[in-house]
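# Chains, contacts and geometry: an overview
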Amino acid sequence: MARRIRKPNGFFITLEGPEGSGKSTQADFLAVALKKAGFQVIQTREPGGTKVAEAVRHILLNPSKGESITAETEALLILAARSQHVAHLIQPALDRGAIVLCDRYFDSTLAYQGFGRGLDLNWLTAANNGATGGLIPDLTLLLDLPVSVGLARRRHARGTTNRLDRETERFHRSVRRGFLSLAKQDPRRIRIIRARRSIPAVRAEIETIVLNWITTRRGHRS
Ligand code: TYD
């Protein structure tokens, strides 16, 4: 049974982008800026965000010895984690009037499992709607940068890589193309941020976009 979408008070903001785009660092900065501006902020990530969803994340990101994960299993595990996340964390926080700041959400599923793995976009969209009750973000920041730059940053920053980081450069190029195509289809919701620039420059642009956007949206609601 699909849940009904209720988003009466809060705002749902997501950060998206290919590997090494600096989303997590920028999410931390944005959370601080929004709290400073007086908002209640819940910062979370996908896959994960609840106990069950984090357990699913572990399966997804760590290679299983002797048994590969099919593209369909990967997608369904991600959606299972998302269903838990929406029901137990995101929707209740929005109902309380909080700003939910989420590092990755459904656009990642379309980009990675759709454009990257080649799964059917309509199937992914329908399954996602079933899993989430159709909850879509109010605003999405797409941190975009060339794949080679992102992958090099990632290897340098972490030293280790997860199961998806280790995909081919070609896979990651399809993912980036996917994100850009989604942004083109929905430019009102998805804002492209050029993430190759310095951290402070990206941070300043994100803060300006989000604070202006909230001011405008609040005007519409009152
Ligand atoms: P993570 O280490 O959090 O990477 P990042 O910092 O780039 O977000 O790992 C999350 C991985 O999960 C990342 O490689 C993208 C992948 N992913 C999907 O493939 N589909 C999805 O729907 C989501 C939410 C994530």
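Data block above holds the structure.
A brief look at the structure comes next. (Residues numbered from 1 in each chain as written. Predicted model: local features only at pLDDT ≥ 70, side-chain atom pairs only at ≥ 80, totals over all residues. Heavy atoms only, no water.)

## Some thoughts on the sheet that holds strand E3 (residues 99-103)
- Read from one edge of the open sheet, five strands run E2-E3-E1-E4-E5, paired in parallel fashion. A strand with exactly one partner marks an edge of an open sheet, and here the two such strands are strand E2 (41-45) and strand E5 (190-194). Mean inter-strand twist for the sheet, computed between neighbouring axes without regard to direction, equals 20 degrees.
- Direction of pairing for strand E1 (residues 11-16) relative to E3: parallel, over a ladder of five bridges. Paired with Thr14 across the strands is Cys102, a residue of E3. (Pairing = 2+ DSSP bridges. Helix = DSSP H or I, 4+ residues; strand = E, 2+ residues; numbered from the N terminus. Axes fitted to C-alpha atoms, helices over the stretch in contact; angles between N-to-C directions.)

## Here's the deal with the pattern of salt bridges
- Tallied over the full model, the rule gives 14 salt bridges.
- Of the charged contacts in the structure, one is a salt bridge between Glu46 and Arg82, with a shortest N-O distance of 2.7 Å. Residue Glu46 is found in the loop between E2 and helix H2 (51-61), and its partner Arg82 is found in helix H3 (residues 71-95); the two are separated by 36 residues along the sequence.
- Under the relative-accessibility criterion, Arg82 is labelled buried at 2%.
- For Arg217, the salt bridge goes to Asp138, with nearest N and O atoms at 3.6 Å. (Salt bridge = Lys/Arg side-chain N within 4 Å of Asp/Glu carboxyl O. Buried < 20%, exposed > 50% of the residue type's maximum accessible area, 1.4 Å probe, protein only.)

## Let's talk about the site of the ligand
- For the ligand, the set of nearby residues contains 17 residues, the closest of which are Glu19, Lys23, Arg104, Thr109 and Gln113.
- In this structure, Lys23 approaches the ligand through a side-chain N or O atom, which is 2.8 Å from an oxygen atom.
- A distance of 3.2 Å separates an oxygen atom of the ligand from a polar atom in the side chain of Asn162.
- Considered on its own, the ligand offers 550 Å² of accessible surface; in the complex 96% of this is hidden by protein.
- Counting only elements with at least two residues in the shell around the ligand, the list comes to H2, H3, helix H4 (106-116) and helix H6 (147-158).
- When residues in the shell around the ligand are grouped by element, the largest group, four residues, is from H4.
- For the shell around the ligand, the per-class residue count stands at five nonpolar, four polar and eight charged. (Near = heavy atom within 4 Å. Polar contact = N/O pair within 3.5 Å; in protein donor to acceptor, adjacent residues only side chain to side chain. Areas by Shrake-Rupley, 256 points an atom, 1.4 Å probe, with all protein chains shown as cover. Nonpolar A, V, L, I, M, F, W, Y, C, P; charged D, E, K, R; others polar.)

## Let's talk about helix H7 (residues 169-185)
- Between the first and last C-alpha of H7 there are 24 Å, a value that for 17 residues agrees with the 24 Å anticipated at 1.5 Å per step.
- Along H7, the residues that are buried comprise Phe171, His172, Ser174, Val175, Gly178, Phe179, Leu182 and Ala183. (Expected span 1.5 Å × (residues − 1).)

## Side note on helix H5 (residues 121-132)
- The terminal C-alpha atoms of H5, which comprises twelve residues, lie 16 Å apart, in line with the 16 Å expected from a rise of 1.5 Å per residue.
- Buried within H5 are the following residues: Leu124, Asn128, Ala131 and Thr132. Looking straight down H5, one finds its buried side chains confined to an arc of 80 degrees; they lie on one side.
- Buried residues along H5 sit against H3 and H4.
- Its side-chain oxygen placed 3.3 Å from the backbone nitrogen of Asn122, Asp120 serves as the N-cap of H5.
- Once H5 finishes, Gly133 follows within two positions and takes phi at roughly 70 degrees, a positive value. (Arc of directions from axis to C-beta. Contact = heavy atoms within 4.5 Å.)

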